[in-house]
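# Descriptive structure summary
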Amino acid sequence: MTPLQSQLWQLLKLPAWRCVHPERLPHAPAPSVDAAEVLLVTGQGKLLPPFLRQDLMQALSLNETQLQVMDEAAWLAAGMPSAKVLLGLNLTGDSTPFNWHDALPLTPAKKRELWSRLCHLCFAH
């Protein structure tokens, strides 16, 4: 179901359900996406270095679905979704909702601060 169809479905207050095989019911609401463990929001037009993504996944034992990277504009348009760990790099707006934020490229001191914060957030639970 497209986002417009989903909004119409919600506007009409029709019952919603989770469907394991949404392709079988093309007019059913799309199942909600599981929240990422780590959501990294980058400033508009900024790309996350591939090696940093790989380091994060390896250090935190995450798979592809547990680490999500979004552009700041897409994050704002999606209603500012959250995650267990919410990180921001090169943000142009308010950084209050983030667990940690800074700017690329990361200095060695900032990398140590990032890893320390990640360990605290991911393994303290």
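Residues numbered from 1 in each chain as written. Predicted model: local features only at pLDDT ≥ 70, side-chain atom pairs only at ≥ 80, totals over all residues. Heavy atoms only, no water.

### Details of the packing of aromatic side chains
For clarity, the cut-off: Side-chain rings of Phe, Tyr and Trp (the six-membered ring for Trp) are treated as a pair once their centres are within 6.5 Å; stacked means planes under 30 degrees apart, edge-to-face means over 60, and tilted covers the remaining angles. Under the DSSP-based scheme used, a helix requires at least four consecutive residues in state H or I and a strand at least two consecutive residues in state E, with every element numbered from the N terminus. Relative accessibility under 20% of the residue-type maximum defines a buried residue, over 50% an exposed one, and the middle range a partly exposed one, all with a 1.4 Å probe and only protein chains included.
Inspection of the entire model under this criterion finds one aromatic pair. For the pair Trp-75 and Phe-98, a centre-to-centre distance of 5.0 Å together with 40 degrees between the ring planes defines the contact as tilted. Here the residue Trp-75 occupies a position in helix 3 (residues 72–77), and Phe-98 occupies one in the loop between strand 3 (85–89) and strand 4 (100–102), the gap between them amounting to 23 residues. Judged by its relative accessible area of 3%, Trp-75 falls in the buried class.

### Re unusual backbone geometry
With omega at -5 degrees, the peptide bond leading from Leu-104 into Pro-105 counts as cis. Non-glycine residue Met-80 carries a positive phi angle of around 55 degrees. Of note, Met-80 is situated in the loop between helix 3 and strand 3. Judged by relative accessible area, Met-80 falls into the partly exposed class, the value being 43%. Although it is not a glycine, Asn-90 sits at a positive phi angle of roughly 55 degrees. Locating Asn-90 in the fold gives a position in the loop between strand 3 and strand 4.

### A look at the pattern of salt bridges
Selection criterion: Each salt bridge in this description consists of a side-chain nitrogen of Lys or Arg and a carboxyl oxygen of Asp or Glu lying within 4 Å of one another.
Using the criterion set out here, one finds four salt bridges in the structure. Put simply, Lys-110 and Glu-113 hold a salt bridge, and the shortest N to O gap is 3.4 Å. One end of the pair is Lys-110 and the other is Glu-113, both in helix 4 (residues 108–123) and three residues apart, which spans about a single turn. For Lys-110, a relative accessible area of 28% translates into the label partly exposed. Taken together, the salt bridges that share partners define one network made up of Asp-102, Lys-110 and Glu-113.

### Examining the environment of Asp-94
Heads up, the condition is: Side-chain atoms alone can form a polar contact between residues adjacent in sequence; in general such a contact is a pair of N or O atoms within 3.5 Å, and within protein one must be able to donate a hydrogen while the other accepts it.
Tracing the backbone through its elements, the reader meets Asp-94 in the loop between strand 3 and strand 4. Residue class for Asp-94 comes out exposed when judged on its relative accessible area of 58%. A distance of 2.4 Å separates a polar atom in the side chain of Asp-94 from a polar atom in the side chain of Thr-96.

Take it as geometry only, folks, not as evidence of what the structure does.
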